[in-house]
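Secondary and tertiary structure notes
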Amino acid sequence: MATVVKSFAVEGINGFFVEIEATTIRGQQQAISIIGLGDQAVKESGERIQAALEHCGYDIPKDKVVISLAPGDKRKRGSHYDLGMIIGLLQQTDQIAAKNLEDVAFIGEISLNGKLRPCNGILPMVTEAKRVGVKTIVLPEANCSEASKISGIDVIGFEKLKDVVKYLESGVVPERKDDNVEVGEIKSTSDIDFADVRGQNELIEAIVLAAAGGHNILMVGTPGCGKTMIASRIPTILPTMTEQESLEVTKLHSIAGTIEAGHDLIKKRPFRSPHHNVSLNALIGGGTYAQPGEVSLAHNGVLFLDELAEFTRGTLDALRQPLEDKKVTISRVNGTNSYPANFMLVSAMNPCPCGYYPTSKCRCSDYEVLHYRGKISGPILERIDIQKDVKNINYFELGDEDVAPSSAELRLMVEKARAIQNERYKDDDKVSCNAQMTTGQIKQYCILDAESKTLMKKVCEDRGYSARVIHKLLRMARTAADLDGMENITINHVRKVLNCRDLDKSNGKMYVVGKM
């Protein structure tokens, strides 16, 4: 009778249960055969297992060993099945006498000398283990702190195979090491702070509006005016992540392998800044096994696209679905995976090909300027709520009055506005900020008085705004009112958000002669 050992795998952002079955077949050539649609890492497990058995003083079976990873019709990848396979093999050949094996699951790669190496994707696997009723999960010591964030399941970490066997036979749980290291912390609040920004108070006001409501923002300005500097400081004013958000972010980064083993939950909101030559698969996600891309790694944080007009048209247009649906679905031959992508888009670009429009240094024609800006499609621009010009500051004319508020002060404003929104949407799990409001919620919470409605209608008709842009303006007006702590949207809030579309106003002033 085959020995059955429990383990888990990752599919998309979720884990699924895998049964490792180990048995021997007498009378056949000595070998270890692993079946169950495994990738190359799974196939190489046989060699690692044989070396580890010999190094640890166990016998390599003389008969043929067959190890099956069930369900056999689902593809499996990774080296984390090693520990479960070697335990099943040792139990099947009566080299160990494990107790209560049915209550324990195993995750971990095994080295040639019997040490346990950490693996990626621990959080989704441990979450699934808890869901299916596993009482204890055994894994490498380096993954222990990450896995222990899931309550309701016993997590036990080991460094060597010998220690795992000793635990299984005796039931004695080793003492837990406490060497957690936090990931994503900003070393010092003084290292990066909005107080360093000078002379951009109007832009900072728009950024606070964006951060308070989760709105997307585009900064347009000449080279060296501070766009990148300002963008890098936006995470310092975003609200602290909840425990659920931290789990979601850590799970994604664990699957992608972007955090080192042994680290605690990611506590700071992600800030991802891919270069403009990034491939479509790297940005959206893809590869052979449909891995998460930059849009998913920026989940619950900021995705910063610098030099927006230099990105390829196809790459930018691929952002339409994640910007609208807050998730991305990637289909490959090996399967289809969906990943969350609820990020705040922050982007920056030059106003023209030379970068100096509308200063005297610019020699671009209106046609060249509009052609350059036309690299960004209309549907993408419509999904960017705020478009703000970044002033070119004369360093020698800056005075003491040009000092900006600190990140701590701005963050307090943002958190107060978010607290209002949390209370407003407490009964809707899918909405956490104003930028995510549904059409029905806009009608309920974004009511304009007659004067505000008249102004909004006039400007929107003059600029030819679509219904999507109008809805975004209404959501922003709601955020502006939340920042002021007001229940109703006033005309001042409407004026404020209408002034947040600088690129539309700039384009409307240009004159281009069309072809006859």
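In this section: the environment of Met-413. Counting through the fold element by element, Met-413 comes out in helix 16 (residues 407–424). According to the relative accessible area criterion, Met-413 is partly exposed, its value standing at 39%. Between the C-alpha atoms of Met-413 and Pro-239, which are 174 residues apart in sequence, the distance is 9.8 Å. Setting aside chain neighbours within four positions, we find Met-413 in contact with Val-208 and Leu-483.

Here the focus is helix 19 (residues 467–483). Taking 1.5 Å as the rise per residue, helix 19 with 17 residues should run 24 Å; its terminal C-alpha atoms sit 25 Å apart, in good agreement. Counting buried residues in helix 19 gives 12 out of 17 residues, a clear majority hidden from the surface. A positive backbone phi angle near 70° is found at Gly-485, which sits one or two residues after helix 19.

The calculated volume of the largest pocket comes to roughly 920 Å³. The element that contributes the greatest number of residues to the lining of the largest pocket is helix 16, accounting for 4 residues. Here the second largest pocket defines a volume of roughly 530 Å³. Lining the second largest pocket are 31 residues, with Val-10, Arg-77, Gly-78, Tyr-289 and Gln-291 positioned closest to its centre. Of all the secondary structure elements, the ones that give two or more residues to the lining of the second largest pocket are strand 1 (3–11) and strand 18 (335–340). Ranked by the residues each element gives to the lining of the second largest pocket, the list is headed by strand 18, at 4 residues. The residue inventory of the lining of the second largest pocket, partitioned by class, reads 11 nonpolar, 12 polar and 8 charged.

Moving on: unusual backbone geometry. The linkage connecting Ala-70 with the following residue, Pro-71, adopts the cis geometry, with an omega of 5°. Along the chain, Pro-71 falls in the loop between strand 4 (64–70) and helix 3 (82–92). One non-glycine residue, Lys-326, adopts positive backbone phi at about 65°. Looking at the secondary structure, you find Lys-326 in the loop between helix 13 (320–325) and strand 17 (327–332).

Right, let's talk about the packing of aromatic side chains for a bit. Under the criterion given, the structure shown has 4 aromatic pairs. The interplanar angle of 40° and the centroid separation of 5.6 Å between the aromatic rings of Phe-158 and Tyr-167 together place this pair among those described as tilted. Residues Phe-158 and Tyr-167 agree in their burial class; the two are buried. An angle of 85° between the planes, with centres 5.9 Å apart, marks the rings of Tyr-425 and Tyr-445 as edge-to-face. With a gap of 20 residues between them, Tyr-425 in the loop between helix 16 and helix 17 (439–445) and Tyr-445 in helix 17 connect regions that are remote in the sequence. Of the residues examined, Tyr-425 reaches a relative accessible area of 3% and is grouped as buried.

Phe-194, Ile-207, Met-219, Val-346, Ile-386, Met-456 and Leu-473 are the most contacted members of the largest nonpolar core, which has 50 residues in total. Among the elements that take part in this core, helix 7 (residues 201–213) stands out by supplying 8 residues, more than any other. Sequence-distant contacts of Ile-207, that is, excluding residues within four places in its chain, are made with Phe-194, Ile-217, Met-219, Ile-230, Ile-234 and Ile-237. Grouped together as the second largest cluster of nonpolar side chains are 39 residues, Val-5, Ile-32, Leu-83 and Leu-90 included.

Turning our attention to the state of the cysteines. Disulfides are covalent bonds that connect the sulfur atoms of two cysteines. This structure, assessed with the given rule, holds 0 disulfides. No disulfide involves Cys-364; its sulfur sits 3.7 Å from that of Cys-354, the nearest cysteine. A disulfide-free cysteine, Cys-460 has its sulfur positioned 13 Å from the sulfur of Cys-500, the nearest such atom.

On to the pattern of salt bridges, then. Tallied over the entire structure, the rule returns 23 salt bridges. Close ionic contact of Asp-504 with Arg-501 constitutes a salt bridge, the shortest N to O distance being 2.9 Å. With a closest N to O distance of 3.4 Å, Asp-502 and Lys-505 form a salt bridge. On the criterion of helical spacing, the pair formed by Asp-502 and Lys-505 is a turn pair, its members being 3 residues apart in helix 21 (residues 502–508).

It is worth spelling out the confidence of the model for the chain at this point. Should the pLDDT be low somewhere, the predicted coordinates at that spot are not to be read in detail. Averaged over every residue, the pLDDT of the chain is 90; residues scoring 70 or more account for 94%. Of the regions scoring below 50 in pLDDT, residues 179–190 engages in 24 contacts with residues more than four places distant in sequence or in other chains.

We now examine helix 14 (residues 366–373). Among all positions in helix 14, only Val-369, Tyr-372 and Arg-373 are buried. The buried residues of helix 14 occupy one face: seen down the axis, they fall within an arc of 95°. Away from its buried face, by an angle of more than 90 degrees, helix 14 presents the exposed residues Tyr-367 and His-371.

Procedures and definitions
As a convention, each chain's residues are numbered from 1 in the sequence order in which they are written. The model is predicted, so local features are restricted to residues of pLDDT at least 70 and side-chain atom pairs to those at 80 or more, both for listing and for counting; the totals for chains, interfaces and linings are taken over all residues. As a convention, hydrogens and water are excluded, and side-chain values are obtained from all of the structure's heavy atoms. Helix and strand definitions follow DSSP, with helices as H or I runs of at least four residues and strands as E runs of at least two, each counted in order from the N terminus. Exposure is judged per residue with a 1.4 Å probe applied to protein chains only, and the accessible area is read against the type maximum: over 50% gives exposed, under 20% gives buried, and values in between give partly exposed. Contact definition: two residues touch when any of their heavy atoms are within 4.5 Å. For a helix, the expected span equals 1.5 Å multiplied by the number of residues minus one. Definitions used throughout: a 1 Å grid over protein atoms alone; a cavity as a set of points that fits a 1.4 Å probe which cannot get out; a pocket as an open set with protein on both sides within 12 Å along at least five of seven lines; a lining residue as one with an atom within 4 Å of a point. Grid points are joined across faces, edges and corners, and a volume is the space filled by probe spheres set on the points. By the convention adopted, Pro, Cys, Tyr, Trp, Phe, Met, Ile, Leu, Val and Ala count as nonpolar, Lys, Arg, Asp and Glu as charged, and the other residues, Gly among them, as polar. For Phe, Tyr and Trp, where Trp contributes only its six-membered ring, two rings pair if their centres lie within 6.5 Å, and the inter-plane angle classes them as stacked under 30 degrees, edge-to-face over 60, or tilted in between. The term nonpolar core refers to a set of buried residues drawn from Ala, Val, Leu, Ile, Met, Phe, Trp, Tyr and Cys, joined through side-chain atoms within 4.5 Å. Counting rule for disulfides: a pair of cysteine sulfur atoms within 2.5 Å. We count a salt bridge whenever a side-chain nitrogen from Lys or Arg sits within 4 Å of a carboxyl oxygen from Asp or Glu. Summary of the metric used: pLDDT quantifies the predictor's per-residue confidence within the range 0 to 100. Read the arc as the range of directions from the helix axis to the C-beta atoms.

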